[in-house]
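Chain by chain, the residues run as shown.
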Amino acid sequence: MTRFLILLVALPLAAQTVERCQTLRRHGQANEARTCWAGLAGSGDAYLRAEGLWGQGRFPEANEQFKRAAAAQPGNQVLKVRWGRFYLERYNREDALQLFNEVLEKNKKYAPALLGVALVASEGFDKKAVELAEEAVKEDPKLTEARELLARLALEDGDWKRAGEQADLALAISNEALDAMAVHATVDWVLMAAPAPGAPTPWIDKVLKVNPRYGEAYALAARILVLNRRYVEGIAFFQKALELSPELWDARSEMGVNQMRLGQDEEARRNLELCYANGYRNAATVNSLRLLDSYKNFVFLRKPRTVLKLHKKEAAVLGPYMQAELDRAIATYDKKYKMTLPLPVQLEVYPDHEDFAVRTVGMPGVGLLGVTFGMVVAMDSPSGRPPGSFHWASTMWHELSHVYVLTATHHRVPRWFTEGMAVHEETSVSPEWGDRMSPEIIDALKKKKLLPVAQLDRGFVRPSYPAQILVSYYQAGKVCDFIAERWSYDKLLDMMHGFGEGKQTPDVLEAALGMKAEAFDELFLAWINAQTKKTVDGYDEWQKRRDQLVSTAKQKTPEEVLKEGAAVREIYPEYVEEHSVYEFLGQFALQRGDKKTAMSEFERYARAGGRSPDLLKKLAGLEEEAGDRKAAAQTLQRLNYIYPVQDEELHKKLGDLWMELGNVNDALIEYEVALASKPMDPAGAHFRFAQALKKANRGEQAQEQLMLALEIAPGYRPAQKMLLELNSKPAVNKD
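All figures in this text were calculated on a predicted structure; none of them were measured in a lab.

Of the regular secondary structure elements, the chain holds 37 helices and five strands. The buried share among the 735 residues of the chain stands at 56%. Long-range contacts, defined here as pairs at least 24 residues apart, represent 60% of the contacts in the chain between residues at least 6 apart. When the accessible surface of the chain is summed, it comes to about 32,400 Å², and 51% of that surface belongs to carbon and sulfur atoms. Put simply, the chain has 96 plus and 102 minus side-chain charges, and the middle of one group is 1 Å from the middle of the other.

Below, the structure is given as structure tokens:
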């Protein structure tokens, strides 16, 4: 792509020689370019040899010649930038950035180095990429590639107008700015209802007139389609790019990654292995191949409408809960979205967070818990996160909402709306689900950092401050809450279908709600400010009084502490993280033997969405001790949505409670999961399971469990007694 544009070296003759090779390649004259690169590779100058070897794809040798050239000319900034661009192309961002920065330390206005740093930043969706590219243009208005980068960044932001403007500025500098033409072609394709590589646009004709083999133009469109979650179309454009330029290894790798995302594992492996065999071994390629190799450790639980992919080591524990929740979510969404999905949903659950991270490579956002690729959803397992930090059921419902919204709109929907709908759906399932208003969100509300709804996508793709992605999720969810509350949920569905017709946010809002986007923003801000005013205005006071409460509690009477704590708690009732007032007051009451108050505080904590396994277990114990076994069971049931793995005691206790309450079916699930959790007393676990099976009139299966218990502990009297009882009368099965 634009990497082929030349940065002139000091000697005019050398510059013409290198430029000639670049020009031949830029015009698609591959054979002539190869001859040119071979000539440079045989040069007596180390820098020219490096360029020639790079052009030939002899990368280790090229790198060695760059080292020699830099040692001979340590002050040559052009050479260092070219070496940095070599590293950047060869997926070594750290070394590339170091070289660019070395140049900028000596000359902070050197435009090619500024462009290099901007390119590094662009790979991480960093807002600084735009600022640095603009600075490069300021220092060198004729730097075509910087204009092309600004156009591409605008594409990523979904700002089609600005993308076209920047592309035009690049073309004004060079009428052969291929990437600028590709930006225009991409805008044309993205705005089509069903783009295909053969769809007509005058811009691709102009590209191919300059270079009939310029597959990079199709690869750019593919990346933007993928960024907008249009994976099937993106793969088709990657394929077209590779038809023209089979050695576009970055495009082939990206196509393989996206084929994996759609469950096309065989095709993905072929493309990724081809990249690897040809020396293209960036992190995405290598890690994706390793992930494919690890799939042998997973099991697939298949039903007509779902495929649940779980790691073998935790399938027996997670399977019953996740399958039930998956079925419940699909049944609910069928009704809410008034549609049926065309294919089964595949849910992949990764106990190793790094494996899940491989599935999200190249996507904007940080700290992702789940991600949706059409009909395939990938997410962390609760075992991949610290206990209490992750509500897997909430994440599942969030991602399944994406499946429906993306399907209904043919993936033509802004990120803010699909994320907003998903956040709205989480709390629709249960007020305890979903994320709370965090201190970062409070700060954004206080400083009026919420974006206009028509620009809300920017907060997801290229954040301008560290917490903006988190704030944007919150704002998008609240926008959907507001619309459902003030107008109706059906208006959200109207908007969804409006986006599916290719309309933009302002037009969709006006059609569905009868108002301009600016008027909507005013109403929404008034609504959200009224909702959050008490907490936002009182946050500093809350923080101060909470800290004082903890430090001075021993100097006050319990009545004073509880009264002050209740007042502090009500300023910011959504705070349920570490050192919450709920936790402090509950523990304080326990220390003084006031179990009733402790139980009350822990109940408030749970209703507010608190997820600490330790605190919820304490609450369940207090509820059981108070004689409310149903409440105790419901509290422990919450933990199955948070951290059901590696906790045999949880499942044993919950099974016992369900049995006492006569809920035999749920008790059976808990006892079965307890067995799969490698219990300390396996004979006892088999016996409890047998008891529940007997209660469910499943005698033969109960006998099987008793025999397993007796194999482990032959003298286990309760098991012997029950086995005799079952054998003394015909077994009755009720499956």
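Here we come to the state of the cysteines. The full count for this structure, using the stated rule, is one disulfide. Residue Cys21 pairs covalently with Cys36 via a disulfide, S to S 1.9 Å. Across the S-S bond of Cys21 and Cys36 the torsion is about -85 degrees, and the bridge reads as left-handed. Placement of Cys21 in helix α1 (residues 12-26) and of Cys36 in helix α2 (residues 30-41) is noted, with a sequence separation of 15 residues between them.

Remember that side chains alternate between the two faces of the sheet whenever the strand is regular. Because side chains alternate across strand β4 (residues 370-373), one face comprises the buried residues Gly370 and Thr372, and the other comprises Val371 and Phe373, equally buried. Note: β4 against strand β5 (residues 376-380), four bridges, orientation antiparallel. The partner of Thr372 across the bridge, within β5, is Val377.

Bringing the environment of Glu560 into the picture now. Residue placement: Glu560 occurs in helix α28 (residues 558-571). Judged by its relative accessible area of 43%, Glu560 falls in the partly exposed class. Taking C-alpha positions, Glu560 is 10.0 Å from Leu549, a pair spaced eleven residues apart along the chain. Within polar-contact distance, the side chain of Glu560 engages the backbone nitrogen of Thr557 at 3.0 Å.

Packing of helix α29 (residues 581-591) against helix α30 (residues 595-607) brings their axes to within 7 Å, and their N-to-C directions diverge by 165 degrees. Regarding the angle of α29 to α30, the classification is roughly antiparallel. Crossing angle aside, the handedness with which α29 passes α30 is left-handed. Facing α29, whose interface residues are Tyr582, Glu583, Leu585, Gly586, Gln587, Ala589 and Leu590, α30 presents Lys595, Thr597, Ala598, Glu601, Phe602, Arg604 and Tyr605. When the residues that make up the contact of α29 with α30 are grouped by side-chain class, the tally is seven nonpolar, three polar and four charged.

Counting through the fold element by element, Glu348 comes out in strand β3 (residues 345-350). At a separation of 2.9 Å, a polar atom in the side chain of Glu348 contacts the side chain of Gln346. Separated by 2.8 Å, the side chains of Glu348 and Arg359 make a polar contact.

Compared with an ideal rise of 1.5 Å per residue, which puts twelve residues at 16 Å, helix α32 (residues 629-640) spans 17 Å between its outermost C-alpha atoms and is within 8% of the ideal. Taken together, the buried positions of α32 are Ala631, Ala632, Ala633, Thr635, Leu636, Leu639 and Asn640. Looking at the buried positions of α32, the neighbouring elements they touch are α18 (315-336), α20 (392-408), α31 (613-625), α33 (648-660) and α34 (664-676).

The rules behind the values
Residues numbered from 1 in each chain as written. Predicted model: local features only at pLDDT ≥ 70, side-chain atom pairs only at ≥ 80, totals over all residues. Heavy atoms only, no water. Helix = DSSP H or I, 4+ residues; strand = E, 2+ residues; numbered from the N terminus. Buried < 20%, exposed > 50% of the residue type's maximum accessible area, 1.4 Å probe, protein only. Contact = heavy atoms within 4.5 Å. Areas by Shrake-Rupley, 256 points an atom, 1.4 Å probe, with all protein chains shown as cover. Lys, Arg positive; Asp, Glu negative; His and termini not counted. Charge placed at Lys NZ, Arg CZ, Asp CG, Glu CD. Disulfide = S-S within 2.5 Å. Pairing = 2+ DSSP bridges. Polar contact = N/O pair within 3.5 Å; in protein donor to acceptor, adjacent residues only side chain to side chain. Axes fitted to C-alpha atoms, helices over the stretch in contact; angles between N-to-C directions. Parallel < 35°, antiparallel > 145°, perpendicular 65-115°, else oblique. Left-handed = near helix turned anticlockwise from the far one by under 90°. Nonpolar A, V, L, I, M, F, W, Y, C, P; charged D, E, K, R; others polar. Expected span 1.5 Å × (residues − 1).

Limitation: the analysis is restricted to geometry and does not speak to function.
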